[in-house]
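Take a look at the letters that make up each chain.
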Amino acid sequence: MADRGRGAARGNRGGPIRGRGHGPSPSQTSGDKPRREAILDLSKYVNERIRVKFTGGREVTGMLKGYDQLLNLVLDDVEEDVELPQPRKRSLGLAVLRGPTIILLSPVDGSEEIANPFLTQE
């Protein structure tokens, strides 16, 4: 028992890790894997004002300064539209918005609110 190497009787634990999914395998190099692209091309909206709606109903507008492939956004001059108890705008300044919570993105310039055509008149 004294000759066995440390960890040899336990499935070679403690030694170098090979083929366990903890890094690239020898057949896979860093250049083989294609880079994941963002679903939306937000580059045309950088330094433009955009409106963002979140799960839960919150809505903000601000100047898009940056983004990543997970749709995390950096907005400057952010204003939140608060509806309750009375409609008003709340200034937030610079903010980082988490991509998974965003449900709608739209440019502020060139869009206008219209009446709901599907609402039945009673």
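Right above here is the structure, for reference.
Residues numbered from 1 in each chain as written. Predicted model: local features only at pLDDT ≥ 70, side-chain atom pairs only at ≥ 80, totals over all residues. Heavy atoms only, no water.

Caption draft 1: Structural detail: the environment of glycine 99. On the secondary structure map, glycine 99 appears in the loop between β4 (88-97) and β5 (102-107). Put simply, glycine 99 and tyrosine 67 are 32 residues apart on the chain and 9.1 Å apart in space, counted from C-alpha to C-alpha. Setting aside chain neighbours within four positions, we find glycine 99 in contact with Leu70, Leu71 and Asn72. (Helix = DSSP H or I, 4+ residues; strand = E, 2+ residues; numbered from the N terminus. Contact = heavy atoms within 4.5 Å.)

Caption draft 2: Highlighting the pattern of salt bridges. Inspection of every chain in the model, using the stated rule, returns five salt bridges. The shortest N-O distance in the salt bridge between lysine 53 and glutamate 59 comes to 3.9 Å. For glutamate 59, a relative accessible area of 18% puts it in the buried group. (Salt bridge = Lys/Arg side-chain N within 4 Å of Asp/Glu carboxyl O. Buried < 20%, exposed > 50% of the residue type's maximum accessible area, 1.4 Å probe, protein only.)

Caption draft 3: The sheet that holds strand β3 (residues 73-82), seen in detail. The strand order β4-β3-β2-β1-β5 describes an open sheet built from five strands, whose pairing is antiparallel. Bordering the open sheet on either side are β4 and β5, each of which pairs with just one other strand. For this sheet the average axis-to-axis angle between neighbouring strands, irrespective of direction, equals 25°. Bridge analysis of strand β1 (residues 49-54) against β5 gives five bridges, and the strand direction is antiparallel. What sits directly across from phenylalanine 54, in β5, is isoleucine 102. (Pairing = 2+ DSSP bridges. Axes fitted to C-alpha atoms, helices over the stretch in contact; angles between N-to-C directions.)

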